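The lines below spell out each chain.
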Amino acid sequence: WFPLVLFALGNTVGQPNLPYDVTVNVRIGAFQPIYSMSAQNNSIARLDENMWTTMSQVYRRSRIAQTFLSNYNYEDVGVVQLSPHSTSTWTISPPDEENMKKEAKSQNPITVKLVWTVSRQPSSPEQSGVTKDSQETILEANNTDRQTLIQMLNTSNVDTPIIIPNIMPKFIKISSTGTASAMKQLMLNTDINRENITPFRNIAMWLRYDNTTNVYWWELREDCNDTTYENVLKNLPYATCDNLIIYTFNDKSFPEGLNIISGKGIIGLYTTFVIVLHSFIRGFFTGISFKIMFDDMPNVDRVLQLCLDIYLVRESGELDLEEDLFAKLV
């Protein structure tokens, strides 16, 4: 039970370890990224006890969600608030823009990829502290959003958005082992009809153009026109459709004194414990087979007397008698 006790102790005395930087990039096909935004400092909000209570109340009817939330407290949750407008302008070269238009008009599927990168203080010196994951969505040739993309590339400031389904993570679990995976336990507030649930949200995209500066940039917003947002997500702390909101659930980091023991995870700790215990037990019983016949003998006086008799007859030269006594000893 020692490894489990140690890890339970780590969760008790561990320090909250929220990310200090969360970056999101969106790319269409193999072309230049269309959206890039980072959240730092004040853009990563913390929950207080009242907000944590509010979040728990939203999922009071879901045992699955309550089980997940029981592993954390309000200090372990970070709310990432990303601006809908890309931090960089879209400066694609004219040849690449033409290739992108041809790709959109072709019958080939187009891949839209969203990559999120989370940076936080590493739990041990062996870890980098930077975790990355991604999600891809395929736009087929007969997709109406392909036509909207073509229209945006040919006309400035089209009001109709491109809807990219199931691409933005809403809840991210950041583990101490260096993973930042999207999780779906909190996408519903009940335990009914969870078979086809996805941990990702739809996003709406627009290509914006400023006539004054002659600059293009992309705008991304979460698609809030669904029942999941109306029934669940809009009731969470910091919920809004004005920004891209992502909730991160972060494993605590072990104190420095425990990092030496727990740095390899619970599997490594169990392995070390078993090896040390095996070496101790093996060292204790090594060579015992050669001593057990003497250590467990109830009375050694007769054996000692027999050895003394053998010594005496050997000194007196009674070799036949010595042979008989030695046969009794063996």
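What counts, and at which threshold
Within every chain, residues take consecutive numbers counted from 1 along the sequence as written. At least 70 in pLDDT is required for a residue's local features to be given in this predicted model, at least 80 for side-chain atom pairs to be given and counted, and no such filter applies to totals for whole chains, interfaces and linings, which use all residues. As a convention, hydrogens and water are excluded, and side-chain values are obtained from all of the structure's heavy atoms. Secondary structure elements are taken from DSSP: a helix is a run of H or I of four residues or more, a strand is a run of E of two residues or more, and numbering for both begins at the N terminus. Here the term buried applies to any residue with accessible area under 20% of the maximum for its type, exposed to any over 50%, and partly exposed to those in between, with areas from a 1.4 Å probe on protein chains only. Whether two residues touch is decided by their heavy atoms; if any such pair falls within 4.5 Å, the residues are in contact. Under the convention used here, a 1.4 Å probe and the Shrake-Rupley method define accessible areas, while residue burial counts only the protein chains that appear. Each nonpolar core is a collection of buried residues, namely Ala, Val, Leu, Ile, Met, Phe, Trp, Tyr and Cys, held together in the definition by side-chain atoms within 4.5 Å. Here the arc refers to the directions that run from the helix axis out to each C-beta atom. Nonpolar side chains (Val, Leu, Ile, Met, Phe, Trp, Tyr) within 5 Å and like charges within 9 Å form the patches, drawn only from residues with over 30% relative accessible area and no salt bridge. Any Lys or Arg side-chain nitrogen located within 4 Å of an Asp or Glu carboxyl oxygen qualifies as a salt bridge. At least two bridges found by DSSP between two strands are what make those strands a pair. Here an angle of 0 to 180 degrees is reported between the N-to-C directions of two axes, which are lines fitted to C-alpha atoms, with helices fitted over the stretch in contact.

Quick word on the overall build of the chain
Part 1 of the argument: A count of helical and extended segments in the chain gives 11 helices and 12 strands.
Part 2 of the argument: The buried share of the chain, reckoned over its 330 residues, is 41%.
Part 3 of the argument: Pairs at least 24 residues apart make up 68% of the contacts formed inside the chain by residues separated by at least 6 positions.
Part 4 of the argument: Accessible surface computed for the chain: about 19100 Å², of which carbon and sulfur atoms make up 53%.

Digging into the nonpolar core
Part 1 of the argument: Counting residues in each nonpolar core, the largest one holds 44 residues, and the members touching the most others are Tyr-35, Leu-82, Met-205 and Trp-218.
Part 2 of the argument: Among the nonpolar cores identified, the runner-up in size contains 26 residues, and Phe-171, Leu-186, Met-187 and Leu-188 belong to it.

Regarding helix 2 (residues 49-58)
Part 1 of the argument: Taken residue by residue, helix 2 has Trp-52, Met-55, Ser-56 and Val-58 as its buried positions. The buried side chains of helix 2 occupy one side of the element, clustering within an arc of 155 degrees when seen end-on. Seen from the buried face of helix 2, the exposed residues on the opposite side, beyond 90 degrees, are Glu-49 and Asn-50.
Part 2 of the argument: Next to the buried residues of helix 2 lie helix 3 (63-69), strand 4 (77-82) and strand 12 (244-250).

Quick word on a nonpolar patch on the surface
Part 1 of the argument: Side chains of Phe-273, Val-274, Leu-277, Phe-280, Ile-281, Phe-284, Phe-285 and Ile-288 sit close together on the surface and give an oily, nonpolar patch of about 790 Å² of accessible area.
Part 2 of the argument: Examined against the element boundaries, Phe-280 turns out to sit in helix 8 (residues 265-285).

Quick word on the sheet that holds strand 10 (residues 200-210)
Part 1 of the argument: The strand order across the open sheet built from three strands is 7-10-11, with neighbouring strands paired in antiparallel fashion. Pairing within the sheet leaves two strands with one partner each, and these edge strands are strand 7 (162-169) and strand 11 (215-222). Averaged over neighbouring strand pairs, the angle between their axes works out to 40 degrees when direction is ignored.

Concerning the environment of Val-80
Part 1 of the argument: Along the polypeptide, Val-80 turns up in strand 4.
Part 2 of the argument: Using a relative accessible area of 0% as the deciding quantity, one classes Val-80 as buried.
Part 3 of the argument: Each C-alpha atom of the pair Val-80 and Arg-46 lies 9.1 Å from the other, and the pair is 34 residues apart in sequence.
Part 4 of the argument: Those residues in contact with Val-80, other than ones at most four positions away along the chain, are Val-22, Ala-39, Ser-43, Leu-244, Ile-245, Ile-246 and Thr-248.

Re the sheet that holds strand 5 (residues 110-119)
Part 1 of the argument: In spatial order, the strands read 2-1-5-6; together these four strands make up an open sheet with antiparallel pairing. Each edge of the sheet is formed by a strand with only one pairing partner; in this case those strands are strand 2 (35-40) and strand 6 (130-139). Each strand axis lies, on average, 10 degrees off the axis of its neighbour in the sheet, ignoring direction.
Part 2 of the argument: Sheet analysis places strand 1 (residues 21-28) next to strand 5, joined by eight bridges and oriented antiparallel. Within the sheet, the bridge partner assigned to Arg-27 lies in strand 5 and is Lys-113.

Describing unusual backbone geometry
Glycine aside, a negative phi is what most residues show, and trans is what most peptide bonds show.
Part 1 of the argument: Despite not being glycine, Asn-41 has its phi angle at roughly 50 degrees, a positive value.
Part 2 of the argument: If you trace the backbone, Asn-41 turns up in the loop between strand 2 and strand 3 (44-46).

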